[in-house]
Amino acid sequence: MNFRNFKMVSYVVYGRGSFNQLDEILASQRKAEAPMIFLVDHFFENKPLINRIPLRGKDKIVFVDVTYEPKTTQVDALARSLKEEFGTISGVIGIGGGSAMDLAKAVSLMMTNPGSSADYQGWDLVKLPGVYKAGIPTLSGTGAEVSRTTVLTGPVRKLGMNSDFTPFDQIVLDPELTKGVPENQRFYTGMDCYIHCIESLQGTFLNEFSKSYGEKALQICQKIYVEKEGWDEECDNLLMMASYAGGMSIAYSQVGVAHAVSYGLSYLLGTKHGIGNCIVMNHLEEYYPAGVKEFKYMVDKNKIEIPVGICKGLTDDQFESMINVSLGMKPLWENALGKDWEKIMTREKLRALYEKL
Ligand code: NAD
Ligand code: ZN
């Protein structure tokens, strides 16, 4: 048995208003003239948060377009332009949802590692530490703030740069920043967390470490989406911690069927992570009966529409391509279905599942 020895985020600050400590936090990380680069979700352009970013010297705010999920080409272009403009930088601060945080992690790594970020899509391919990086979520659920990956769509695959150099050096968890996320988006990304819990807790890789975090995150999701009526500040506080705990749970286990199938959708159709997982979860009674029942209850209670029929009219080649991407996620399937997963999830069975979506 070889136990995973995994790298975690080095520093964590949690609390409403903790964003105000950013200047102080960054002070010790500044290297001479080299600037801090703030990669900020384009949603915040012209919003008051921008005036609270502690700019010093040559620091720069770069707004990142997260209309589509991060691509290796986008990461490479960002890193290249920063190298051209500044040579070296002190660090990268990602402010936004999973997309902006993942971009920040990847750009940090590509400031020091040669070649293209596409060369590092996989497990433990990154050779050098990146520059200092900090993550500041403004949308809760993905767990990207704690994970050792940054999920990128590249020329041939959608796969993360999974490595010990990938986790943030610092995260600032300030639930105030998640105020005002549109309801549907908040639900989809919140369900990403719920689904992480179900997949981790029902998986064959489960151990007490991931179970204790997974159970806590699940309990918080149930409190928010099943027990409470309406949305308030407490929900923002709670969901931020559920996201963190859900991320910690999968760090020592794995996700499962919903993620494996949703990766295929996102590769072919560009379906975003949160909503894609919801579209798939809606049809997974066979694998997660209790979780899917509760999921459907939460969808109804919160009056959310989950799209259906998104695979209608796709060609055989397109189904094949989704099946290839999905079956390539071997650890996810093994976690979900056990060592003999290939006998259970045949190409025919997966095709039938995609046709239902
Ligand atoms: P997102 O980052 O793509 O953002 C979704 C939308 O919400 C965007 O339009 C964004 O502008 C908006 N938004 C963000 N904060 C807001 C705020 N405070 N107010 C209003 N709007 C706001 O969504 P996400 O679900 O957080 O992240 C999805 C991405 O995360 C995917 O690319 C996925 O692959 C990745 N992901 C990464 C990991 C990981 O471990 N690295 C885990 C899960 C998902
Ligand atoms: Zn996820």
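Residues numbered from 1 in each chain as written. Chains lettered and ligands numbered in written order. Predicted model: local features only at pLDDT ≥ 70, side-chain atom pairs only at ≥ 80, totals over all residues. Heavy atoms only, no water.

1. What to know about the side chain of Lys133
Rules: Helix and strand assignments come from DSSP, with helices taken as H or I runs of at least 4 residues and strands as E runs of at least 2, each series counted from the N terminus. Throughout this description, buried means an accessible area under 20% of the type-specific maximum (1.4 Å probe, protein chains only), exposed means over 50%, and partly exposed covers the range between. Just so you know, the count uses Lys and Arg for positive and Asp and Glu for negative, and it drops His and the chain ends. Every case where a carboxyl oxygen of Asp or Glu lies within 4 Å of a side-chain nitrogen of Lys or Arg is listed as a salt bridge.
Position of Lys133 among the secondary structure elements: in strand β6 (residues 132-137). Here Lys133 sits buried without a salt bridge, and the closest side chain of opposite charge, Asp169, lies 4.4 Å off (N-O distance).

2. Digging into the packing of aromatic side chains
Heads up, the condition is: Here a Phe, Tyr or Trp ring, Trp counted by its six-membered ring, pairs with any other such ring whose centre lies within 6.5 Å, and the pair is stacked when the planes are under 30 degrees apart, edge-to-face when over 60, and tilted otherwise. We count a charge as sitting over a ring when the NZ of a lysine or the CZ of an arginine lies within 6 Å of the ring centre and within 35 degrees of the ring normal.
As enumerated under the stated definition, the model contains eight aromatic pairs in all. One residue, Arg186, lies across the ring of Trp231, its end atom 3.8 Å from the ring centre.

3. Regarding the sheet that holds strand β5 (residues 122-123)
Here is the rule we go by: Paired strands are those between which DSSP finds at least two bridges.
The sheet built from three strands is open, its strands ordered β5-β8-β7 with mixed pairing. The outermost strands of the open sheet, each flanked by one partner alone, are β5 and β7 (151-153). Bridging between β7 and strand β8 (residues 158-162) involves three bridges; their strand directions are antiparallel. Counterpart to Val151 in the pairing with β8 is Gly160.

4. Topic: the layout of surface pockets
Spelled out, the test is: Grid points spaced at 1 Å and placed over the protein atoms alone form the basis of the search, with a cavity being a set where a 1.4 Å probe fits but cannot get out and a pocket an open set showing protein on both sides within 12 Å along at least five of seven lines. Lining residues have an atom within 4 Å of a point. Grid points are joined across faces, edges and corners, and a volume is the space filled by probe spheres set on the points. Here the nonpolar group is Ala, Val, Leu, Ile, Met, Phe, Trp, Tyr, Cys and Pro; Asp, Glu, Lys and Arg are the charged ones; every other residue, Gly included, is treated as polar.
Estimates place the volume of the second largest pocket at around 250 Å³. Among the elements of the structure, α4 (183-201) and α5 (208-227) are those that each provide at least two residues to the lining of the second largest pocket. The element best represented in the lining of the second largest pocket is α4, accounting for three residues. Residue classes in the lining of the second largest pocket are distributed as five nonpolar, two polar and six charged.

5. Quick word on the packing of helix α2 (residues 72-86) against helix α3 (residues 98-110)
Here is the rule we go by: Working convention: axes come from line fits to C-alpha atoms, limited for helices to the stretch in contact. Angles between N-to-C directions cover 0 to 180 degrees. Roughly parallel here means an angle under 35 degrees, roughly antiparallel means over 145, roughly perpendicular means 65 to 115, and every remaining angle is called oblique. Two helices crossing with the near one rotated counterclockwise from the far one by less than a right angle form a left-handed crossing, whereas a clockwise rotation gives a right-handed crossing. Two residues form a contact once any of their heavy atoms are found within 4.5 Å.
Running from amino to carboxyl end, α2 crosses α3 at an angle of 55°, the nearest separation of the two axes being 9 Å. As judged from the angle between their axes, α2 and α3 are oblique. Once α2 is placed against α3, the crossing between them reads as right-handed. Only Leu103, Ala106, Val107 and Met110 of α3 make contact with α2, whose side of the interface consists of Gln74, Val75, Asp76, Leu78, Ala79, Leu82 and Lys83. Partitioning the contact of α2 with α3 into residue classes produces eight nonpolar, one polar and two charged.

6. Let's talk about the environment of Lys349
In this structure, Lys349 sits in helix α13 (residues 347-356). Sequence separation between Lys349 and Pro289 is 60 residues; the distance between their C-alpha atoms is 18 Å. With residues near it in sequence (within four places) discarded, Lys349 still touches Glu286, Tyr287 and Ile344.

7. Concerning the coordination of the zinc ion (ligand 2)
Ideal values differ by geometry: the angle at a metal is 109.5 degrees with four tetrahedral donors, but 90 or 180 degrees with six octahedral donors. Quick note on the threshold: Counted as coordinating are nitrogen, oxygen and sulfur atoms within 2.8 Å of the metal, or 3.2 Å for Na, K and Ca, while water is not included, which may make sites look incomplete.
Of the protein atoms, only Asp192 (OD), His196 (NE2), His259 (NE2) and His273 (NE2) coordinate the zinc ion (ligand 2), at distances of 2.1 to 2.2 Å. Expressed as a motif, the donor residue spacing for the zinc ion (ligand 2) is D-x3-H-x62-H-x13-H. Taken as a pair, Asp192 in helix α4 and His259 in helix α7 (residues 257-269) lie far apart in primary sequence, 67 residues in all. An identical accessibility class is assigned to Asp192 and His259; each is buried.

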